[in-house]
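Close look at the chain arrangement
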Amino acid sequence: MTKLIYLENAYLKEFKAKITEINAEQKFVVLDKTIFYPVGGGQPCDKGKLIKDATAFSVVDVRKSGNVVLHYLDRVNGLLVGDE
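Remember, predicted model here, so these are calculated numbers, not experimental data. (Residues numbered from 1 in each chain as written. Predicted model: local features only at pLDDT ≥ 70, side-chain atom pairs only at ≥ 80, totals over all residues. Heavy atoms only, no water.)

**Thoughts on the sheet that holds strand β2 (residues 19-23)**
Whether parallel or antiparallel, the strands of a sheet pair through hydrogen bonds between backbone atoms. In space, the five strands of this open sheet follow the order β2-β3-β7-β6-β5, with antiparallel pairing throughout. Looking at which strands have only one partner, the edges of the open sheet turn out to be β2 and β5 (48-52). Neighbour-to-neighbour, the strand axes of the sheet open up by a mean angle of 40 degrees, direction not taken into account. Both β2 and strand β3 (residues 28-31) contribute to a ladder of four bridges, which runs antiparallel. Among the inter-strand pairings, E21 is bridged to a residue of β3, identified as V30. (Pairing = 2+ DSSP bridges. Helix = DSSP H or I, 4+ residues; strand = E, 2+ residues; numbered from the N terminus. Axes fitted to C-alpha atoms, helices over the stretch in contact; angles between N-to-C directions.)

Laid out in structure tokens, this is it:
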């Protein structure tokens, strides 16, 4: 389950989260919490980047699936479940 921080504070620009799932084939990660708003209701999704150490991963799409938020990235190589 992804905690939806954007519902509490829509103006946050940075946050810390942990990767709980990675899908290498479809290039998405699930985080334990997020400020990225998913596409829906005619609203576009937020875009930005996830940073691990000094490496940036571009968030190119965000979708909600049940009670998790899928963060589609330009690549997932170098990411592991449990990374913050």
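**So, the nonpolar core**
Within the largest apolar cluster, 16 residues are counted, with the highest numbers of intra-cluster contacts made by V29, L31, L50, V59, V62, L73 and L79. Of all elements in the fold, only β3, β6 (55-65) and β7 (68-73) reach the threshold of two or more residues within this core. What V59 contacts, discounting residues up to four positions off in sequence, is F36, D46, K47, G48, K49, L50, Y72 and L73. Formed by five residues, the second largest nonpolar core is a distinct cluster that contains F28, V30, V68 and L70. (Core = buried A, V, L, I, M, F, W, Y, C linked by side-chain atoms within 4.5 Å. Buried < 20%, exposed > 50% of the residue type's maximum accessible area, 1.4 Å probe, protein only. Contact = heavy atoms within 4.5 Å.)

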